[in-house]
Structures are given as C-alpha cells and as structure tokens.
Protein chains: 2
Amino acid sequence: MKQLDLRIIKTKESLKEALMLLLKEKTLNSISVTEICRLAKVNRGTFYTHYGQVENLFEEYFKEIMQNLKDSYLEPYKYAWTIHTKELNPATIRIFHHIEKYEEFYRIVFSKTAPLNYYYLLFDHLQQLLDEDMRLHGNDKIDTGMLSAYQANAILGLVIEWHRQDFKQNAEEMNKLLVELLKYVTQD
Amino acid sequence: MKQLDLRIIKTKESLKEALMLLLKEKTLNSISVTEICRLAKVNRGTFYTHYGQVENLFEEYFKEIMQNLKDSYLEPYKYAWTIHTKELNPATIRIFHHIEKYEEFYRIVFSKTAPLNYYYLLFDHLQQLLDEDMRLHGNDKIDTGMLSAYQANAILGLVIEWHRQDFKQNAEEMNKLLVELLKYVTQD
DNA sequence: AATTTTATTATACAGTTGTTCATTAAAAAA
DNA sequence: TTTTTTAATGAACAACTGTATAATAAAATT
C-alpha cells in the first residue's frame, strides 16, 4: 500500500486554496498557472508534475461536489420513483437543491467558456443515479443507455435553463416545474 | 451602407481556409493563432484585429452550419408536428440527418475540450425552431421558455449520446429511437 | 539516527500570447 | 487619376506556457 507523501498533500492543498481564492475574483478561464503558483508559493514546475493545466486542478474540486450530489440524491431514496412520470414525486428530486447549495460552483461549470467535459462528467453522475432507479423499477423493453441518457438530459436541460435565467427560481419551484413539464408532455 | 473592404474579405478567407486545413490534422484546442497565421500567410496582428482567439474564427464556420440546420428543419415543415408526442412523425425530424451530414463539424462541437458556448448556440437555434412549432400548435398553459428548453434538450441529449457512441447509428435509427423514447415516457 | 528515496526548487529555454506603433500598401472616394 | 482612407505588415514588448535539468530539502525507510 503506497503511502502518499506529505509534501504532495501540502502542495495540492496550497494550489487548491489559491485557486479558490482567485475564483472569487475572476473567471476560471482567465486564471493562469503562474498566478496560482505565485499565490500558493509553489514552484511552477511542481504544478506541472501534478496537473497539466488549471482545469485539471479544478476537477479535483469537481469530484468533491459530485460526491455530494450522490449523497443528496440517495438520501430521500425512500420515496423511490421510476421513469413513469406520473409516479414522480417532487420531494424525491434533490438535484435542484444540491445545485442551489453549490450555486457558485455551478456558475463556473455552466459558463460559456467552460469545457463541455464538465457537462459530460455531471451528466455521467446523474445518469448513473437514474440507472439505479431504472434497474430497480423500470422495465427493459427499450435501450436503457439511451433512455437514461434521455432522462438525465431532460433534467440537465432544465438546469441549464435555470442557470441562464440566473437561478432566479428556487429549488422547490424547479422541482414543481419539472413535474409540470413531465405531466404536460405526458398528457394527450 | 458600409461597403466591406476587399482586403478584409481576403484575410478572413485565408484564415478560415488555414483553420479548415489544420482541423483535418489536429484538434481545435491544439491549434494556435501563430500556426493559423503562418499557414494563411497573414500577420498575427491582423488576426487579432478580426478575432480575439481561435474559437472566434471557428464560430464563423459555426454560423454557416446553423443556417443549414434551419433550412433542413424547415424543409419538411409540411408534416408539422407539435409537442404532443403522439403526433410526432419521425420523417419531420431532420436534425439527425443534418448532424450526420456535418459529422466532422459536430465531432468538434461535442468534443470534451469544446467550450460550452457551442452547445448553447446550437441549443438556441434548436429551441427557436421548436418555439415556432409551439406558437403554431401548442397551447399556453405552461411556461413556454422552459418547455421549449426542455424539448430542445431532450433532442440534444440524444445527440450527445449519439456522439458518445461514435455516431454508430444512422440518422434514421436515431429518429425512430426518439419516437420510441417519447412513446415510452408517455405510456402509463 | 543514519540512509535512501523522491518531491520541490531555481534556473534556463524556445515558443506562444496579446498588445502597441510606425511604416507600407491596397482599396475606396474624389 | 489623384487623393484619401484604412487594412496589413514588421518589429518589438512583457508575460505566460510547457519542458528539462541539476541542486536542494523534506519525507519515508532502514
């Protein structure tokens, strides 16, 4: 079992802390490696031994948030719902609350200059959560990969629109809206 | 009426041509301003008077493709369909064929390193097309902005999954799949 | 505590970026 | 055609990038 060198931990913490400070003042996109290293008092060469670019450092933060997404999603799992929209209970959809909680972070992730990769990573996590639902409650008459992709994206689409409207609605309203939309699409 | 200087047209054409050549060999992300200018035989300073970065040059190409999307969407408009999924006719959804036609382009647009902005631009065009449908056939019991966002994203979600599966299905199959998914979500 | 391992540093390098400015040359207007 | 306007060029600038290497220092191992 390989023990992590304390120097590495310290370096990474310094770099992360510096990035977080800079993110309060400027966009991810405009932050340079040099700038982070100056603030973190870490040699620029050291940065490159751990991360290839600023985005890779940001992704460590990303992983933390994704873990929280998973937790907040599973928490109210007792109200289990399936892809059958009429059984959908707004209280079970925690993702809007999660995003509300980490609004600052998601403003970065959904900004115009952010690489599409963040969308994909977020998508993957969400799809995986939906897959768990489907495996438990859904039937399998259809390509489950495509279906869960469809479902995950329906939610993410709403989230993107939410972001574009500057998160003016609150999470509860977004939950209700999702239910409304699903009902509307479902009705004849 | 301001007449465009011939020199500007020539410069822009040279730059675009150079970018297109480079895109056949490497990713958008790895192409530098210097490289484009070397190939186009255009002074680097001139590049910056017209475009701030490589992505801005790429967006000119983007606009052309978007015009084609609109054309290919409106073409079979006679088979008009609404958001009521049961009336959806696969033949009316031309977007998959459009993407199939410009596959090379969409591989760039959906690549991990592409800025989210391309997604937004594509989204806007698609949403606008759907809005036209809604204004003609939809009722207005619900927030139309959110609804068209939801619809546009449902389709884009499928497109992204299509891209991730390396466009292995053909456009016709994707059309059928969309209809299947909508039916499935609609059924009780 | 002494030794070994390895992460960090300082330094240097060629290349890119984004900007500025005087000069040149090409297009538009007279 | 001549004059005027303005786009393109070449050169120079400081700053950042990505990489490499020898020297140093800090952690892990014995």
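Every chain is numbered independently, its residues counted from 1 as its sequence is written. Numbering of ligands from 1 and lettering of chains from A proceed in the order in which they are written. Note on the predicted model: pLDDT of at least 70 is required for a residue's local features to be given, and 80 or more for side-chain atom pairs to be given and counted; whole-chain, interface and lining totals, by contrast, use all residues. Heavy atoms from the whole structure form the basis of all side-chain values; hydrogens and water molecules are not counted.

(A) Structural context of the packing of helix 1 (residues 6-23) of chain B against helix 2 (residues 33-40) of chain B. Residue and element names in this part refer to chain B. To obtain an axis, a line is fitted to C-alpha atoms, over the contacting stretch when the element is a helix, and the angle between two such axes runs from 0 to 180 degrees between their N-to-C directions. Where helices and strands are cited, they refer to DSSP runs of H or I of at least four residues and of E of at least two residues respectively, numbered from the N terminus. Where helix 1 meets helix 2, the axes come as close as 8 Å, and the angle between the chain directions of the two elements is 115 degrees. On the basis of the axis angle, helix 1 is roughly perpendicular to helix 2. Crossing of helix 1 against helix 2: the hand is right-handed. Together, Ser-14, Leu-15, Ala-18, Leu-19, Leu-21 and Leu-22 of helix 1 and Glu-35, Ile-36, Cys-37, Leu-39 and Ala-40 of helix 2 make up the contact between the two elements. Classes in brief: Ala, Val, Leu, Ile, Met, Phe, Trp, Tyr, Cys and Pro nonpolar; Asp, Glu, Lys and Arg charged; the others, Gly included, polar. Class assignment of the residues belonging to the contact of helix 1 with helix 2 gives a composition of 9 nonpolar, 1 polar and 1 charged. Any angle that falls under 35 degrees is termed roughly parallel, while one over 145 is termed roughly antiparallel, one within 65 to 115 roughly perpendicular, and all others oblique. What makes a crossing left-handed is the near helix being turned counterclockwise from the far one by less than a right angle; a clockwise turn instead makes it right-handed. We call two residues in contact whenever any of their non-hydrogen atoms come within 4.5 Å of each other.

(B) Main features of the nonpolar core. Of all hydrophobic cores here, the largest spans 120 residues; its most connected members are Phe58(A), Tyr119(A), Phe58(B) and Tyr119(B). With residues up to four places along the chain from it excluded, the contact list for Phe58(B) reads Leu19(B), Leu23(B), Leu28(B), Phe105(B), Ile108(B), Val109(B) and Tyr118(B). For this analysis, a nonpolar core means a set of buried residues of the types Ala, Val, Leu, Ile, Met, Phe, Trp, Tyr and Cys, connected via side-chain atoms within 4.5 Å. Only protein chains enter the accessibility calculation, which uses a 1.4 Å probe. A residue is then buried if its area is under 20% of the maximum for its type, exposed if over 50%, and partly exposed in between.

(C) Molecular detail of helix 1 of chain B. All names here are of chain B. For helix 1, built from 18 residues, the straight-helix expectation of 26 Å at 1.5 Å per residue is met to within 8% by its first-to-last C-alpha distance of 26 Å. Those residues of helix 1 not exposed but buried are Thr-11, Leu-15, Ala-18, Leu-19, Leu-22 and Leu-23. The buried side chains of helix 1 occupy one side of the element, clustering within an arc of 135 degrees when seen end-on. Pointing more than 90 degrees away from the buried face of helix 1 are the exposed residues Leu-6, Lys-10, Glu-13 and Glu-17. By this rule the span expected of a helix is its residue count minus one, scaled by 1.5 Å. What the arc covers is the set of directions going from the helix axis to the C-beta atoms.

(D) Spatial organisation of the protein's contact with DNA strand C. Near residues are defined by distance, with any heavy atom within 4 Å of the molecule or strand qualifying the residue. As a matter of local geometry, DNA strand C sits amid 21 residues, with Thr11(A), Asn43(A), His50(A), Lys10(B) and Thr34(B) nearest to it. Backbone sugar and phosphate groups make up 66% of those atoms of DNA strand C lying within 4 Å of the protein. Contact between DNA strand C and Lys10(B): a phosphate oxygen at 2.5 Å from a side-chain N or O atom of the residue. Within 3.5 Å is the distance limit for a polar contact, defined as a pair of N or O atoms, with the added protein rule that one can donate a hydrogen and the other accept it, and that residues adjacent in sequence qualify only through two side-chain atoms. Side-chain polar atom of Arg44(B) to a base nitrogen of DNA strand C: 2.8 Å apart, as the coordinates give it.

(E) Quick peek at the protein's contact with DNA strand D. Residues in close proximity to DNA strand D total 21 residues, the closest being Lys10(A), Thr34(A), Tyr48(A), Thr11(B) and Asn43(B). Restricting attention to atoms of DNA strand D within 4 Å of the protein, one finds that 67% of them are sugar or phosphate atoms. Val33(A) is positioned such that a nitrogen or oxygen atom in its backbone is 3.3 Å from a phosphate oxygen of DNA strand D. Contacts to DNA strand D include Arg7(B), whose backbone N or O atom sits 3.0 Å from a phosphate oxygen.

(F) Quick peek at the pattern of salt bridges. Residues and elements named next belong to chain B. Every case where a carboxyl oxygen of Asp or Glu lies within 4 Å of a side-chain nitrogen of Lys or Arg is listed as a salt bridge. Taken as a whole, this structure holds 12 salt bridges over all chains when the rule is applied. Here Lys-16 and Glu-64 are joined by a salt bridge, their closest N and O atoms 2.5 Å apart. Of this pair, Lys-16 sits in helix 1 while Glu-64 sits in helix 4 (residues 54-74), and the two are 48 residues apart along the sequence. Taking relative accessible area as the criterion, Glu-64 reaches 43% and is therefore assigned partly exposed.

(G) Geometry of unusual backbone geometry. Despite not being glycine, Asp166(A) has its phi angle at roughly 60 degrees, a positive value. Of note, Asp166(A) is situated in the loop between helix 8 (144-164) and helix 9 (171-186).

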